Amino acid sequence: MSKIIVAIDGYSSCGKSTIAKALAKYAGYTYVDTGAMYRAIALFTLRNGLTDEAAIIAALPQIEVGFVLVDGAQHVTLNGEDVEGHIRTLEVGNRASQISAIKEVRAFLVAQQQKMGEAKGIVMDGRDIGTVVFPKAELKLFLTASPEVRAQRRYDELVEKGEKPDFAAVLADVNDRDYRDTHRAESPLRQAEDAIVVDNSNMTREEQMQVIYDYFDRFK
Ligand code: DC
């Protein structure tokens, strides 16, 4: 079987990365978490106090985003530093949502993502993978789940990390982020016409993976 590109898009906290990682392992493919790339740039802007768009665009040539494998897990790097432990907070997530609306930031990362997919054999997750990064991807999945289910998942993750989140605030954040991700002028989150929609609100992880492995196996 020749290798394909799998594009996985969907709302925040609908389990994209868990699914993408599991599918990459199943397929023997490389996994790329593009949200982590936007988060790494967001972290750079927070650390350097960059808030206005022009300053962020001017800083792009000084930013290098990459990935390293640590004990088999993919960690994102920012100018060579493993920043995986710093990017999964609400603050960085919100900043990532803001900076990802900047056209130049998107062009900067999309070019790198397209390069990563040149040899195929890749599972990439994000918001614009099936629409902009790889419009010709052989398999496109669009994941959704209700805002309440996604807020609960994010809440549980934060609790697990030792944070003390407020559920209403987490839900409001999920709704705000959905709004921003779907209403921005540049590459808004939308389902590609040829994407397969998987609503996992009422599916166990196993049920969901079986559905997705079956779609992938059609390319065998
Ligand atoms: O998937 P995530 O929550 O880690 O993504 C963080 C933010 O980055 C999210 O608000 C939207 C943005 N993003 C994007 O615009 N395009 C992508 N391909 C991936 C993420």
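Residues numbered from 1 in each chain as written. Predicted model: local features only at pLDDT ≥ 70, side-chain atom pairs only at ≥ 80, totals over all residues. Heavy atoms only, no water.

Among the 15 residues in the neighbourhood of the ligand, the closest are listed as Arg 39, Arg 106, Arg 127, Asp 128 and Arg 184. A distance of 3.0 Å separates a nitrogen atom of the ligand from a polar atom in the side chain of Thr 34. Taking Ser 100, its side chain carries an N or O atom lying 3.4 Å from an oxygen atom of the ligand. Look at the ligand: alone it shows 450 Å² of surface, and the protein chains cover 95% of it. Taken together, the elements giving at least two residues each to the shell around the ligand come down to helix H2 (34-47), helix H4 (90-99) and helix H8 (167-183). With 4 residues, the top contributor of residues to the shell around the ligand is H2. Tallied by class, the residues present in the shell around the ligand amount to 3 nonpolar, 5 polar and 7 charged. (Near = heavy atom within 4 Å. Polar contact = N/O pair within 3.5 Å; in protein donor to acceptor, adjacent residues only side chain to side chain. Areas by Shrake-Rupley, 256 points an atom, 1.4 Å probe, with all protein chains shown as cover. Helix = DSSP H or I, 4+ residues; strand = E, 2+ residues; numbered from the N terminus. Nonpolar A, V, L, I, M, F, W, Y, C, P; charged D, E, K, R; others polar.)

If you trace the backbone, Thr 45 turns up in helix H2. Polar contacts involving the side chain of Thr 45 include one to the side chain of Arg 95, which spans 2.8 Å.

The next thing to look at is the pattern of salt bridges. Pairing between side chains becomes possible if they bear opposite charge and their charged atoms approach one another. Taken as a whole, this structure holds 10 salt bridges when the rule is applied. When the shortest N-O distance is used, the salt bridge between Glu 84 and Arg 88 registers 2.9 Å. The salt bridge partner of Lys 120 is Glu 138, with a shortest N-O separation of 2.4 Å. Of this pair, Lys 120 sits in the loop between helix H5 (103-116) and strand S6 (122-126) while Glu 138 is found in the loop between helix H6 (129-133) and strand S7 (139-144), placing the two residues 18 residues apart along the sequence. Exposure remark for Lys 120: the relative accessible area of 34% places this residue in the partly exposed category. Here the residues in one salt-bridge network are Asp 33, Glu 84 and Arg 88, joined through shared partners. (Salt bridge = Lys/Arg side-chain N within 4 Å of Asp/Glu carboxyl O. Buried < 20%, exposed > 50% of the residue type's maximum accessible area, 1.4 Å probe, protein only.)

Turning our eyes to something else, we now look at the packing of aromatic side chains. Evaluated as defined, the whole model comprises 5 aromatic pairs. A ring pair is formed by Tyr 26 and Tyr 213, whose centres lie 3.9 Å apart and whose planes are at 15°; its orientation type is stacked. Taken as a pair, Tyr 26 in helix H1 (residues 16-27) and Tyr 213 in helix H9 (residues 205-217) lie far apart in primary sequence, 187 residues in all. Aromatic side chains Tyr 155 and Phe 167 sit 5.9 Å apart centroid to centroid with 70° between the ring planes, which places their arrangement in the edge-to-face category. Here Tyr 155, found in helix H7 (residues 147-160), pairs with Phe 167, found in helix H8; they are 12 residues apart in sequence, far enough to count as distant. (Phe/Tyr/Trp six-rings, centres within 6.5 Å; stacked < 30°, edge-to-face > 60°.)

Tracing the chain through its elements places Ile 56 in helix H3 (residues 53-59). Taking C-alpha positions, Ile 56 is 26 Å from Gly 130, a pair spaced 74 residues apart along the chain.

Attention now moves to the nonpolar core. Ile 41, Ile 99 and Val 105 are the most contacted members of the largest nonpolar core, which totals 34 residues. For this core, the secondary structure elements donating two or more residues are strand S1 (5-10), H2, H3, strand S4 (73-78), H4, H5, S6 and H6. Per-element accounting of this core gives the leading share, 8 residues, to H2. If sequence neighbours within four positions are ignored, Ile 99 has contacts with Tyr 38, Ile 41, Ala 42, Thr 45, Ile 56 and Val 105. Ile 4, Ala 145, Met 209 and Phe 216 belong to the second largest nonpolar core, which has 22 residues in total. (Core = buried A, V, L, I, M, F, W, Y, C linked by side-chain atoms within 4.5 Å. Contact = heavy atoms within 4.5 Å.)

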